[in-house]
Amino acid sequence: MLKQLIANSPGPKKAFIALLMASSLTAGASAHGYVQPVADPISHEFRSSHPFKVYVDLQKGRERLGRNSGFEAADNYIRNRMQHLLPGNIVIVSNRRDADMLVRAQLTGYDLSFHITDVDRRNKKYKKRYRYTPGQCGYHKRAYYTRVTEKGVARADYQLSFRLRGEGSFHDAVQISASDSYRYGENLQALTNCGVAPSANYPNSTVARLFSQAGGHYRDVLAEEIHTNGLRKLAYILAGKVNARADQFYVALAQQHLEQERPRNRYSEGAGIYDFDHVDRPARRQPAFWKFSSDW
């Protein structure tokens with residue numbers, strides 16, 4: 001029945017089931033005179049003793065998008081973020097020659113746009129410390145202003161490739177969306193002892209900060225925050241795909257260890273997995289003269 005389960009399973013799953021079967025037979029094999037050493041691909045100890053080394057490359061194709069655009073800082077951010085997301089047995093390395101897997105994320109397009117999502121007329125009572133200014137109309141009672149909400153949306157297109165040593169490569173394409181909003185103030189007026197008139201005296205520090213973000217210059221600050229949000233999402237996607245491919249790496253590595261450590265005797269010689277027929281079928285008694293044969 002176990003042989004049938006292996007035969008009916010797809011390729012990667014078949015290897016995985018076969019390794020688990022071989023691992024379960026270790027104890028039983030000892031009853032026949034030897035122990036079958038098997039590496040377990042899902043064992044925490046096996047994975048911890050064999051780190052999966054990954055090199056992340058985000059340099060390809062950047063000449064078109066500009067060399068001085070803070071890519072080095074972005075690379076470091078993604079690598080550090082991925083290492084934080086990945087389990088301890090998966091290690092981000094700085095040299096591609098040391099890596100078991102090469103990951104490439106090529107930025108092929110980036111679009112950032114801003115649009116107004118809300119315009120609201122607000123009013124605030126002046127706090128005591130902001131209430132008085134020099135002059136005949138210096139007494140301020142209430143401020144009236146417009147609060148504008150502006151949203152920035154970025155869309156980044158990436159071509160991804162993952163090359164696993166000895167196991168080939170695969171490719172993918174993703175589009176990452178990231179957004180953030182900010183507010184700024186316009187058209188400040190104040191009710192003073194001379195009536196309502198335009199003013200530059202803010203009713204509190206919150207409104208003062210709101211007006212400091214007016215004029216469009218704060219978009220650059222928001223653009224950096226949106227870019228960081230996009231990199232955070234990219235790191236999450238890459239970490240998820242690397243973690244999924246780690247299973248394939250450890251199954252192949254365990255199979256390799258199994259081939260190297262398998263004892264060479266009449267039961268295991270030439271067999272990919274322990275032969276159940278030798279376990280279930282008792283050894284046939286041989287004539288006495290075979291005991292002295294030169295072949296033994």
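Located above this text is the structure these notes cover.
Residue numbers here run from 1 along each chain, matching the order of that chain's written sequence. For a predicted model such as this one, the threshold for reporting local features is a pLDDT of at least 70, and the threshold for listing and counting side-chain atom pairs is 80 or more; totals across whole chains, interfaces and linings nevertheless cover every residue. Each side-chain value is derived from all of the structure's non-hydrogen atoms; neither hydrogens nor water enter the calculation.

**Student:** Mind showing me how you'd approach the overall build of the chain here?
**Tutor:** Across its full length, the chain carries eight helices and six strands. When the helices and strands of the chain are read in sequence order from the N terminus, they spell out α-α-α-α-β-α-β-β-β-β-β-α-α-α. In the chain, once contacts between residues fewer than 6 apart in sequence are set aside, the share between residues at least 24 apart is 75%. Here the accessible surface of atoms and residues is derived via Shrake-Rupley with a 1.4 Å probe, and residues count as covered only by protein chains that are part of the display. Summing over all exposed atoms, the chain offers an accessible surface of approximately 18,000 Å²; the carbon and sulfur share of this is 50%. Helix and strand labels come from DSSP, where a helix needs a run of H or I of at least four residues and a strand needs a run of E of at least two; each type is numbered from the N terminus. Two residues qualify as a contact provided that any one of their heavy atoms is within 4.5 Å of a heavy atom in the partner residue.

**Student:** Is there a simple way to think about the pairing of strand β3 (residues 101-125) in this case?
**Tutor:** The side chains of a regular strand alternate, first on one face of the sheet and then on the other. Note: strand β1 (residues 52-57) against β3, four bridges, orientation parallel. Paired with V56 across the bridge in β3 is V103. Strand pairing follows a simple DSSP-based rule, namely that at least 2 bridges must link the two strands. Sheet topology note: the β3/strand β4 (residues 140-164) ladder contains 23 bridges and is antiparallel. Of the residues in β4, the one forming a bridge with L112 is A154.

**Student:** How should I be thinking about the environment of R209 in this particular structure?
**Tutor:** For R209, the location among the structural elements is in helix α6 (residues 205-212). Residues R209 and Y184, 25 residues apart in the sequence, show an inter-C-alpha distance of 8.3 Å.

**Student:** I would appreciate a short explanation of the packing of aromatic side chains in the present structure.
**Tutor:** Within a pair of aromatic rings, the relevant descriptors are the distance that separates the centres and the angle that separates the planes. Two rings belonging to Phe, Tyr or Trp (six-membered ring only in the last case) form a pair when the distance between their centres is within 6.5 Å. Interplanar angles under 30 degrees mark stacking, angles over 60 mark edge-to-face geometry, and anything in between is tilted. According to the stated counting rule, one finds ten aromatic pairs in the structure shown. Consider the rings of Y132 and Y139, whose centres lie 5.3 Å apart with planes at 40°: the pair is tilted. Among the aromatic residues, those joined into a ring-pair cluster are F46, F52, F249 and Y250. Across from the ring centre of Y55, 5.9 Å away, lies the NZ or CZ of R79, which sits over that ring. By definition, being over a ring means that NZ of Lys or CZ of Arg is both within 6 Å of the ring centre and within 35 degrees of the ring normal. For R245, the ring lying beneath its charged end belongs to F170, and the centroid distance is 3.8 Å.

**Student:** What should I look at first to understand the sheet that holds strand β2 (residues 90-92) in this one?
**Tutor:** The strands that make up a sheet are held in pairs by hydrogen bonds between backbone atoms, and each pair lies either parallel or antiparallel. Here we have six strands laid out as an open sheet, ordered β2-β1-β3-β4-β5-β6, and mixed in their pairing. Sheet topology places β2 and β6 (195-198) at the edges, where each strand pairs with a single neighbour. On average, adjacent strands in this sheet sit at an angle of 35° to one another, irrespective of strand direction. Note: β4 against strand β5 (residues 168-192), 23 bridges, orientation antiparallel. Lines are fitted to the C-alpha atoms to define the axes, a helix being fitted only along its stretch in contact, and any angle between axes, read from their N-to-C directions, falls within 0 to 180 degrees.

**Student:** Got a minute to help me understand the pattern of salt bridges in this structure?
**Tutor:** When the charged atoms of two side chains with opposite charge come close together, those side chains can pair. Take a side-chain nitrogen of Lys or Arg and a carboxyl oxygen of Asp or Glu: if they are within 4 Å of each other, that pair is a salt bridge. Following the criterion strictly, the structure yields six salt bridges and no others. When the shortest N-O distance is used, the salt bridge between R104 and D57 registers 3.2 Å. One end of the pair, R104, is in strand β3; the other, D57, is in strand β1, and 47 residues separate them in sequence. A salt bridge links D120 to R147, with the nearest nitrogen and oxygen atoms 3.7 Å apart. With D120 in strand β3 and R147 in strand β4, this pair connects stretches of sequence that are 27 residues apart.

**Student:** Looking at this structure, how should I read α6?
**Tutor:** Structural remark: α-helix, 3.6 residues per turn; residues separated by three or four positions point the same way. Within α6, the full set of buried residues consists of V207, L210 and F211. For α6, the buried positions fall inside an angular range of 95° around the axis, keeping them on one side. N or O atoms closer than or at 3.5 Å make up a polar contact, with two conditions inside protein: a donor-capable atom paired with an acceptor-capable one, and, for residues adjacent in sequence, both atoms drawn from side chains. Put simply, N204 is the residue that caps the front of α6, since its side-chain oxygen is 3.1 Å from the backbone nitrogen of T206. Categorising residues by exposure relies on relative accessible area from a 1.4 Å probe, with only protein chains included: less than 20% of the type maximum marks a residue as buried, more than 50% marks it as exposed, and the intermediate range marks it as partly exposed. Starting at the helix axis, one direction is taken to each C-beta atom, and the arc is that of these directions.

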